[in-house]
Structures are given as C-alpha cells and as structure tokens.
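So you can see what is in the structure, the chains are spelled out below.
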2 protein chains.
Amino acid sequence: MDDIQNILARNVHQARQEKGTSQEDLAGLTGIDRTYVSGIERGIRNPSIKIVAKIADVLRIAPSDLLVL
Amino acid sequence: MDDIQNILARNVHQARQEKGTSQEDLAGLTGIDRTYVSGIERGIRNPSIKIVAKIADVLRIAPSDLLVL
DNA sequence: ATGTGACTTGTAGTCCGTG
DNA sequence: ACACGGACTACAAGTCACA
C-alpha cells in the first residue's frame, strides 16, 4: 500500500523526527489534536490541505514536500 | 491571499488548461462533481489529500506538484 | 462550459479516556 | 511519548437549480 495517506504519514513522521519534536509538541504548535496527528502518521487519516499546510508550516518545510513519494 | 487553497486552485487550473481538458472532462475522469471541481479552482474548497491525489492522477502529475507555490 | 448559493450526508477533526 | 477507542461537533463531500 503506497497511497497518498501513507506517503503523507511517512513524510510527516520523518520530518518531525528530524526536528526532534514529539507528536504532542507538533499537535500543540499546529493546534491540531494529538490523536489526530497520531492518526495521520499511522496513515489512517485523510486530512484536508489546510491541515497539511499547518503541519508543513510548523515543521518549516513546503506543504508539497509532505506529499512527495 | 496566498493560502494553500489558492495555491491548489492555481495549479489545478493551469495543469488542466495545459492538458486542454474542460472542468467537465476532469470531473468525469476523476468521478468528482463538476461544481466541486469549479469550487476547487476558485479556491473556496478545502479538499482532502485523497481528492488532490485523484486530480493529480488524471492530470498525470505528482500530487505534490499541485501544492507547489 | 463555468460560477454560484443552498442545501444534505458523510467524515474530518476534537475531546475525553485507557494501556 | 505514543497507539487506540468512543462519543461527540465542525466542516468536507457530494448534489442541484439557475445564471
């Protein structure tokens, strides 16, 4: 399975780890619920592009980078 | 205003025009309603990443390309 | 062929918790 | 610090008539 949700999941997880931040910190900084962040990184959520933009903003990367294979 | 919705709007519109396809054709090929496609290109919709992936697939570009500034 | 408003239904997204 | 679940609420998904 290599659908768009799993691509996002991998990219968010990797970018977050590289910044050394926890899911809870990311949640706090983005204003997104911690359980929702967890769901995104597990590939079981289908977020809107606004959510993607918020995460990208906090991680200081381009939104498009979160969708690259 | 240069938010994520307008970025997507511009990219979808441009990529679609370059392929020479109408909104109706894009709607038919993606299975998305014509008026919803219209809303995306006007930047008033906040679609999920699955919707973005469907459109990218039909336009034969990477999903990430639809989010680049 | 497309823009737009007004919907209804499904799910995105939140908030409480547990192990 | 994270996975996972239940019960919500907000908003995206999807449709229509009309310009």
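You'll find the structure just up there.
What you see is a predicted model, and the numbers here were worked out from it, not measured in a lab.

Engineer: So what's going on with the protein's contact with DNA strand C? Residues and values would help.
Structural biologist: If you check the shell around DNA strand C, you find 19 residues, and the closest are A:Tyr36, A:Ser48, B:Gln23, B:Arg34 and B:Ser38. Take the atoms of DNA strand C that sit within 4 Å of the protein: sugar and phosphate atoms are 54% of them. Take A:Asn46: an N or O atom from its side chain is 3.4 Å from a phosphate oxygen of DNA strand C. The separation between a base oxygen of DNA strand C and a polar side-chain atom of B:Arg34 is 2.6 Å. Every element with two or more residues in the surface near DNA strand C is listed here: α3 (34–41) of chain A together with α2 (23–30) and α3 (34–41) of chain B. Looking at the surface near DNA strand C residue by residue, the classes come out as four nonpolar, eight polar and seven charged.

Engineer: So what's going on with the pattern of salt bridges? Which residues, and what values?
Structural biologist: When the charged atoms of two side chains lie near each other, side chains of opposite charge can form a pair. Residue and element names in this part refer to chain A. Per the counting criterion, the structure on display carries three salt bridges over all chains. Arg 16 is paired through a salt bridge with Glu 41; the nearest N and O atoms lie 2.5 Å apart. Taken together, the residues Arg 16 in helix α1 (residues 4–19) and Glu 41 in helix α3 connect sequence positions 25 residues apart. As far as the burial class goes, Arg 16 and Glu 41 line up, both buried.

Engineer: Explain the protein's contact with DNA strand D to me, using residue names and the numbers behind them.
Structural biologist: Near DNA strand D, the surroundings consist of 16 residues, among which A:Gln23, A:Ser38, A:Arg42, B:Tyr36 and B:Ser48 are the closest. Of everything in DNA strand D that lies within 4 Å of the protein, sugar and phosphate atoms constitute 65%. Contact between DNA strand D and B:Thr35: a base nitrogen at 3.0 Å from a side-chain N or O atom of the residue. For the surface near DNA strand D, the secondary structure elements donating two or more residues are α2 (23–30) and α3 of chain A together with α3 of chain B. If you tally residues by element for the surface near DNA strand D, the top one is α3(A), at three residues. Looking at side-chain class alone, the surface near DNA strand D contains three nonpolar, seven polar and six charged residues.

Engineer: I'd like a description of the interface of chain B and chain A, backed by residues and values.
Structural biologist: Across the boundary between the two partners, chain B contributes 14 residues, which contact 14 residues of chain A. Summing the contributions of chain B and of chain A, the shared interface buries around 1,300 Å²; its carbon and sulfur component is 76%. Considering only the side of chain B, the residues that lose the most area to chain A are B:Ile4, B:Ile49 and B:Leu67, jointly responsible for 45% of the buried surface there. At the surface where chain B touches chain A, the tally comes to zero salt bridges. The interface formed by chain B and chain A includes six residue pairs in polar contact (both at pLDDT 80 or more).

Engineer: For the relation of the copies chain B and chain A, give the residues involved together with the corresponding values.
Structural biologist: When chain B is fitted to chain A, the residual RMSD is 0.1 Å, and the transformation amounts to a turn of 180 degrees plus an axial shift of 0.1 Å. One copy is carried onto the other by what is essentially a two-fold rotation axis. Residue B:Ser48 of chain B places its C-alpha closer to the rotation axis than any other residue of that unit, at 1.8 Å. Mapped onto chain A, 100% of the interface residues of chain B are again interface residues, and the two copies thus contact each other with one and the same surface.

The rules behind each value
Residues numbered from 1 in each chain as written. Chains lettered and ligands numbered in written order. Predicted model: local features only at pLDDT ≥ 70, side-chain atom pairs only at ≥ 80, totals over all residues. Heavy atoms only, no water. Near = heavy atom within 4 Å. Polar contact = N/O pair within 3.5 Å; in protein donor to acceptor, adjacent residues only side chain to side chain. Helix = DSSP H or I, 4+ residues; strand = E, 2+ residues; numbered from the N terminus. Nonpolar A, V, L, I, M, F, W, Y, C, P; charged D, E, K, R; others polar. Salt bridge = Lys/Arg side-chain N within 4 Å of Asp/Glu carboxyl O. Buried < 20%, exposed > 50% of the residue type's maximum accessible area, 1.4 Å probe, protein only. Contact = heavy atoms within 4.5 Å. Buried area = accessible area lost by both parts, 1.4 Å probe. Least-squares fit on C-alpha atoms with pLDDT ≥ 70 in both.

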